[in-house]
Amino acid sequence: MGYDPARQLGCKLVVEMRPVAVVGIGKTAFGAFADRDLRSLAVEAGEKCLRNARAEPSQVESFYLGNFAGPAFVGQNHLAPYVSTALGIQGVPSTRIEAACASSGSAFFHAWTEVAAGVYDLVLVVGVEKMTSQPTARVSQILAEAGDCAGEMKVGSTFASLFAMIARRHMHEFGTRKEHLSMVAVKNHAAGALNPDAHMRKRITLEQAMNSKPIAEPLNLYDCSLVSDGAAAVLVAPLERAREFTAKPVRVLGIAQCSDYVALDQKADITTFPAVRRAGEQAYRMAGVTAREIEFAELHDCFTIAEIVATEDLQFVEKGQGGPYAFAGFTALRGERPVNTSGGLKAKGHPVGATGAAQICDLVLQIRGEAGERQIERHSLGLAENLGGSGATCVVSILGAVA
Amino acid sequence: MYTETVIWSAPEAFAADVPYQTAIVMLDGGGRVTVRVLGGRVAIGDRVTEAGPRAGIPFFRKA
């Protein structure tokens, strides 16, 4: 069987799906920007993306906004047309997708389905979050609402505490050590220091990472991603039209979105994310590649343990071996399979709703050979994994160079 | 006790309680629940017993 993405996603094949390309990318810097509001960030990313693709707002046929909690963070709802009209996009479907930290990964997945199915040709995805106008305890509260508020969150859990419990269990079952977690932070900060758009461009030592203040044991400050403002945008088109917009189209070879329980305590085994495993398997099948062939990846390191578990669930390494694999440097910027060459959520920053789209932008930069100081040598096949909550949503995308 | 953590950075509603321990407990009758731990610290594998709900929050302590 040839290229048959719909059937591999478990859909009835009613149309022949088209190969899809990313033809434009645009990002704001990530950071704490007191003078910027949600809409201005989203518009900046969207305009950069359209310019990058030499496209006009009037050419956009459908618009997706990935955003987790605009209403709670900035008191604005009905965000998709609020942003799209400010971009000069008028009259077309304008849809907000909320899937916690996987909001814009999911928006990208839905943009892909529309283009692949032939519904529209040119679909713009913007992911945005404006978080830093709220104090830390309020941010924790808003983020906690992506968990099960009637259960796990009622007792005072935070997302850090949920991933801390995952880390504890992973340590208990597989012998994963605190320094394995800390090395992920050291590695991602080293890459982030080379990314001009990163929130935190600062290298850290293993000792600093091991000894920062506790957040939820065994996770400390350097195990946690950053609370950031920022936006990222991706323009998607049929592959056959890609060269109208760019000399360097990047093909979406495989993509899948999978789901699971929202509450961590409903999962049989918290050391693995079934939604990640399933999305990875589907995306590999669609792309016709194995995990071994993936040259580099942007993985969802909301907490250091999450990157370790992702390398296992995506079959980069055997179950339980993610800690030693990271510690030995295999996933470092100059390692055999670099993970988070952007600095990841850890150092680049994690404006929740922007993260999935930003991961796609970072894959495209590497594949095009435009990643500057952090450019890696083998960069023709990359994977992005965008996780929502403690594993309730996962989007895996595999992107590749077009010969 | 299936897994646990001690929280040092809390959501606003729990800021006054820091530090506090939360855990996922495997119930004898089956199923799991996320709870707050009362009294001494517990570790994976410890047997715990219900210490009653307070303000709607399930509290457990070391058995």
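About the cut-offs
- Here the residue index of a chain counts from 1 through its sequence in written order.
- Key to labels: chains lettered from A, ligands numbered from 1, both in the order written.
- Owing to the predicted nature of the model, reporting of local features is limited to residues with pLDDT of at least 70; listing and counting of side-chain atom pairs is limited to 80 or more, with chain, interface and lining totals taken over all residues.
- To obtain the side-chain values, all non-hydrogen atoms of the structure were used and water was disregarded.
- Interaxial angle, 0 to 180 degrees, is taken between N-to-C directions of lines fitted to C-alpha atoms, where a helix line uses only the stretch in contact.
- The way it works is that DSSP assigns letters per residue, a run of H or I at least four long becomes a helix, a run of E at least two long becomes a strand, and they are numbered from the N terminus.
- Reported orientations rely on four angle classes, namely roughly parallel under 35 degrees, roughly antiparallel over 145, roughly perpendicular from 65 to 115, and oblique for the rest.
- Contact between two residues is taken to exist if any of their heavy atoms lie within 4.5 Å; hydrogens are not considered.
- Residues are sorted three ways: Asp, Glu, Lys and Arg are charged, Ala, Val, Leu, Ile, Met, Phe, Trp, Tyr, Cys and Pro are nonpolar, and all the rest, Gly among them, are polar.
- Sulfur atoms of two cysteines make up a disulfide when they are within 2.5 Å.
- Aromatic rings from Phe, Tyr and Trp, with only the six-membered ring used for Trp, were paired whenever their centres fell within 6.5 Å, and each pair was classed as stacked if the ring planes differed by under 30 degrees, edge-to-face if by over 60, and tilted otherwise.
- Three labels apply to residues, based on accessible area from a 1.4 Å probe with only protein chains included: buried if under 20% of the type maximum, exposed if over 50%, partly exposed otherwise in between.
- By this definition, two strands are paired if DSSP reports at least two bridges between them.
- By buried area we mean the combined loss of accessible area, with a 1.4 Å probe, across both parts when two parts are placed together.
- Counted as salt bridges are all cases of a side-chain nitrogen of Lys or Arg within 4 Å of a carboxyl oxygen of Asp or Glu.
- Throughout this description, a polar contact denotes any pair of N or O atoms lying within 3.5 Å of each other; where both atoms belong to protein, one of them has to be capable of donating a hydrogen while the other can accept it, and for residues adjacent in sequence the pair is counted only when both atoms sit in side chains.

All names here are of chain A. Remark: helix 5 (residues 103-116) packs on helix 14 (residues 355-368), axes separated minimally by 5 Å, with the N-to-C direction vectors making an angle of 65°. Judged by the inter-axis angle, helix 5 sits roughly perpendicular to helix 14. Only Thr355, Gly356, Ala357 and Ile360 of helix 14 make contact with helix 5, whose side of the interface consists of Ser104, Gly105 and Phe108. Of the residues in the contact of helix 5 with helix 14, the class split is three nonpolar, four polar and no charged.

Attention now goes to the state of the cysteines. Residues and elements named next belong to chain A. Taken as a whole, this structure holds zero disulfides over all chains when the rule is applied. Free cysteine: cysteine 49, not disulfide-bonded; nearest cysteine sulfur from cysteine 361 at 6.8 Å. With no disulfide of its own, cysteine 224 lies 9.3 Å from the sulfur of cysteine 302, the closest cysteine sulfur.

All right, on to the packing of aromatic side chains then. All names here are of chain A. Tallied over the entire structure, the rule returns five aromatic pairs over all chains. Ring geometry for phenylalanine 163 against phenylalanine 273: centres 6.2 Å apart, planes inclined by 50°, an arrangement best described as tilted. With a gap of 110 residues between them, phenylalanine 163 in helix 7 (residues 159-174) and phenylalanine 273 in the loop between strand 8 (250-259) and helix 10 (274-287) connect regions that are remote in the sequence. In terms of burial, phenylalanine 163 and phenylalanine 273 fall into one category: buried.

Before going further, it helps to examine the sheet that holds strand 11 (residues 393-401) of chain A. Residue and element names in this part refer to chain A. Judged by pairing direction, the sheet is mixed, and its nine strands sit side by side in the order 3-2-4-7-1-8-11-10-9 without closing on themselves. Each of the sheet's edge strands pairs with one partner strand only, and the pair in question is strand 3 (94-97) and strand 9 (296-298). Strand-to-strand twist of the sheet, defined as the mean angle between neighbouring strand axes without regard to direction, takes the value 25°. Bridging between strand 1 (residues 20-27) and strand 8 involves three bridges; their strand directions are antiparallel. Bridging across to strand 8, alanine 21 finds its partner in arginine 251. Sheet contacts for helix 10: strand 8, strand 10 (381-388) and strand 11; angle to strand 8, the most-contacted strand, approximately 150°.

Residue-level contacts link 27 residues of chain B with 27 residues of chain A. Taken over both partners, the interface formed by chain B and chain A buries close to 2,400 Å², and the fraction arising from carbon and sulfur atoms is 56%. In this structure, the connection of chain B to chain A is made through three salt bridges. Residue glutamate 12 of chain B pairs with arginine 138 of chain A through a salt bridge whose shortest N-O separation is 3.0 Å. Linking chain B with chain A are 20 residue pairs in polar contact (both at pLDDT 80 or more). Counting residues per element, the ones that place at least two in the side of chain B that touches chain A are strand 1 (3-7), strand 2 (20-26), strand 3 (32-37) and strand 5 (57-62) of chain B. Its residues placed into classes, the side of chain B that touches chain A shows 16 nonpolar, six polar and five charged.

As a further point, take the pairing of strand 11 of chain A. Residue and element names in this part refer to chain A. Of all nine residues in strand 11, eight are buried; the element is thus mostly enclosed. Where strand 8 meets strand 11, nine bridges bridge the pair, whose relative direction is antiparallel. Paired with glutamine 257 across the bridge in strand 11 is valine 395. Two strands pair when backbone bridges link them, and strand 10 and strand 11 are joined in this way by eight bridges, in the antiparallel orientation. Its bridge partner being in strand 11, glycine 388 is matched across the sheet by threonine 393. Where strand 10 hands over to strand 11, the hairpin turn is made up of four residues, of which glycine 389 adopts a positive phi near 60°.

Residue and element names in this part refer to chain A. Along the chain, the position of asparagine 195 falls in the loop between helix 8 (178-192) and helix 9 (206-210). Sequence separation between asparagine 195 and serine 342 is 147 residues, and the spatial gap between their C-alpha atoms is 6.2 Å. Looking at asparagine 195, its side chain comes within polar contact range of the main-chain oxygen of serine 342, at 3.0 Å.

Residues and elements named next belong to chain A. Note that asparagine 386 resides in strand 10. Separated by 3.0 Å, the side chain of asparagine 386 and the backbone nitrogen of glycine 105 make a polar contact. Among the polar contacts listed, one links the side chain of asparagine 386 to the side chain of histidine 300, at a separation of 3.2 Å. Discounting residues that sit within four places of it in the chain, asparagine 386 has contacts with Cys101, Ala102, Ser103, Ser104, Gly105, His300, Thr355, Gly356, Gln359, Thr393, Cys394 and Val395.

This brings us to helix 11 (residues 304-313) of chain A. Residues and elements named next belong to chain A. By the criterion of burial, helix 11 is predominantly enclosed, with 10 of the 10 residues buried. Listing the buried residues of helix 11 in full gives Thr304, Ile305, Ala306, Glu307, Ile308, Val309, Ala310, Thr311, Glu312 and Asp313. Those residues of helix 11 that are buried lie in contact with helix 7, helix 8, strand 6 (219-220), helix 10, helix 12 (322-327) and strand 10. Once helix 11 ends, the next one or two residues include glutamine 315, with phi positive near 65°.

Per the counting criterion, the structure on display carries 23 salt bridges over all chains. Here arginine 18 of chain A ties to aspartate 121 of chain A by a salt bridge, and the two come within 2.9 Å at their closest N and O atoms. Of the two residues, arginine 18 of chain A is situated in the loop between helix 1 (5-8) and strand 1 and aspartate 121 of chain A in the loop between helix 5 and strand 4 (123-129); the sequence distance between them amounts to 103 residues. Arginine 47 of chain B is the salt-bridge partner of aspartate 28 of chain B, the closest N and O atoms lying 2.5 Å from each other. With aspartate 28 of chain B in the loop between strand 2 and strand 3 and arginine 47 of chain B in the loop between strand 3 and strand 4 (48-54), the pair connects residues that are 19 residues apart, well separated along the chain. Of the two residues, aspartate 28 of chain B and arginine 47 of chain B, both sit in the exposed class.

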